[in-house]
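Close look at the chain arrangement
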Amino acid sequence: MNRMFRKIAALAAPAAAALMLFAAVASAHVTVSPAQSSTGAWETYTLKVPSEKDIATVRIDLRIPAGAEFKQYEATPGWEVTVEGNKVSWIAKEGGIQAGQFQRFYFTAKNPDTAGDIAWDAYQHYADGSLVQWSGEAGSESPHSITAIAEASGSADGGHGHGAADKASNDTMTMDEHQAIVDNEGASTGTSPMLYITLGISLVSFLLAAVALLRGKKE
């Protein structure tokens, strides 16, 4: 019996390893959240940058989508920010984002006045000079983030609402607002359907292998 269980475990190990590898890759994208906002809103966005390689990320360039307007950013210790037209760059002054780490950057942009999807193209620079372009379509190896801009309902401030994650009246962000952004990011970032598909395939493969092994033992 123990020998049979060892054989089943040996068959399941490759599938489990492949699943964990896929999950790690699928969750390591550069992202901009929230995934939904409203027309004309001054939305506080979160740019999340993980380092996928064994070396540090030292710069991230973000292209502001057409129709949106970059307004302001929150200072991040150890990082310099430059704005050139529709390109906003965060440049590490020290070690950058090390392997196995991620960094969040916060900025405010005014959404387009018309409803529709806007795409955030990001360009990740590593310490060895390599570049990863997060500008592909959904389903590609390096997709850009999409924010769906919906038509805003009437508001008391004449259409100058500030979106889900508001800035405080003194243009600084409180800890409660930070937590609201993090919570909103977690709620708006769904799990890729491919992860569930891969999990299902792995489980089916394991069950088929186990059934074949048991049949062979009986014969």
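For the protein, the name recorded in an unreviewed UniProt entry is YcnI family protein, with Paenibacillus tritici as its organism.

The next point concerns the overall build of the protein. Scanning the protein from terminus to terminus reveals three helices and 11 strands. Out of the 219 residues in the protein, the part that is buried amounts to 33%. Put simply, of all contacts in the protein between residues at least 6 apart along the chain, 72% involve residues at least 24 apart.

Turning our attention to the nonpolar core. Nonpolar side chains tend toward joint burial in soluble globular proteins. Leu-47, Leu-62, Trp-90 and Phe-107 are the most contacted members of the largest nonpolar core, which totals 25 residues. At the level of secondary structure, the elements contributing two or more residues to this core comprise strand E3 (42-50), strand E4 (57-63), strand E6 (79-84), strand E7 (87-92), strand E8 (102-110), strand E9 (116-126) and strand E10 (131-134). Not counting residues up to four positions away in its chain, the partners in contact with Leu-62 are Val-32, Leu-47, Asn-86, Lys-87, Val-88, Trp-90, Phe-107, Trp-120, Asp-121 and Ala-122.

Right, let's talk about the sheet that holds strand E1 (residues 31-33) for a bit. Strand order in the open sheet formed by four strands is E1-E3-E8-E5, and the pairing between neighbours is antiparallel. The sheet is open, and its two borders are formed by E1 and strand E5 (69-73), each paired with just one other strand. If you compare each strand with its neighbour and ignore which way they point, the axes differ by 35 degrees on average. Bridging between E3 and E8 involves nine bridges; their strand directions are antiparallel. Its bridge partner being in E8, Val-49 is matched across the sheet by Gln-103.

We now examine the side chain of Asn-111. Counting through the fold element by element, Asn-111 comes out in the loop between E8 and E9. Within the local environment of Asn-111, its side chain forms a polar contact with the side chain of Ser-37, the two groups lying 2.8 Å apart. Other than its neighbours up to four places away in sequence, Asn-111 contacts Ser-37, Ser-38, Gly-40, Ala-41, Glu-43, Tyr-45, Gly-67 and Ile-149.

Turning our eyes to something else, we now look at the pairing of E3. Extensive coverage of E3 is indicated by the burial of seven of its nine residues. When E1 meets E3, the two strands line up antiparallel, connected through three bridges. Opposite Thr-31, over in E3, you have Lys-48 as the bridge partner.

Averaged over every residue, the pLDDT of the protein is 77; the share at 70 or more is 58%. Throughout residues 187-193 the model reports pLDDT below 50, and contacts reaching past four residues in sequence, or to other chains, amount to four contacts.

Moving on, we come to unusual backbone geometry. Put simply, Ser-33 and Pro-34 share a cis peptide bond, and its omega is 15 degrees. If you trace the backbone, Pro-34 turns up in the loop between E1 and strand E2 (36-38).

Here we come to the environment of Asn-111. The exposure class assigned to Asn-111 is buried, which follows from its relative accessible area of 1%. In this structure, the C-alpha to C-alpha distance between Asn-111 and Ala-150, residues 39 residues apart in sequence, is 10.0 Å. Of note is the side chain of Asn-111, whose polar atom sits 2.8 Å from the backbone oxygen of Ser-38.

What follows deals with the environment of Glu-94. Mapped onto the elements, Glu-94 comes out in the loop between E7 and E8. The exposure class assigned to Glu-94 is exposed, which follows from its relative accessible area of 68%. Each C-alpha atom of the pair Glu-94 and Val-58 lies 8.4 Å from the other, and the pair is 36 residues apart in sequence.

Okay, the environment of Pro-143 next. Summarising the element assignment, Pro-143 is placed in the loop between E10 and strand E11 (145-150). Pro-143 sits in the buried class, given a relative accessible area of 12%. If we skip the residues at most four places from it in the chain, Pro-143 touches His-29, Trp-134, Ser-135, Gly-136, Glu-137 and Ala-138.

The rules behind the values
- Residues numbered from 1 in each chain as written.
- Predicted model: local features only at pLDDT ≥ 70, side-chain atom pairs only at ≥ 80, totals over all residues.
- Heavy atoms only, no water.
- Helix = DSSP H or I, 4+ residues; strand = E, 2+ residues; numbered from the N terminus.
- Buried < 20%, exposed > 50% of the residue type's maximum accessible area, 1.4 Å probe, protein only.
- Contact = heavy atoms within 4.5 Å.
- Core = buried A, V, L, I, M, F, W, Y, C linked by side-chain atoms within 4.5 Å.
- Pairing = 2+ DSSP bridges.
- Axes fitted to C-alpha atoms, helices over the stretch in contact; angles between N-to-C directions.
- Polar contact = N/O pair within 3.5 Å; in protein donor to acceptor, adjacent residues only side chain to side chain.
- pLDDT = per-residue confidence, 0-100.

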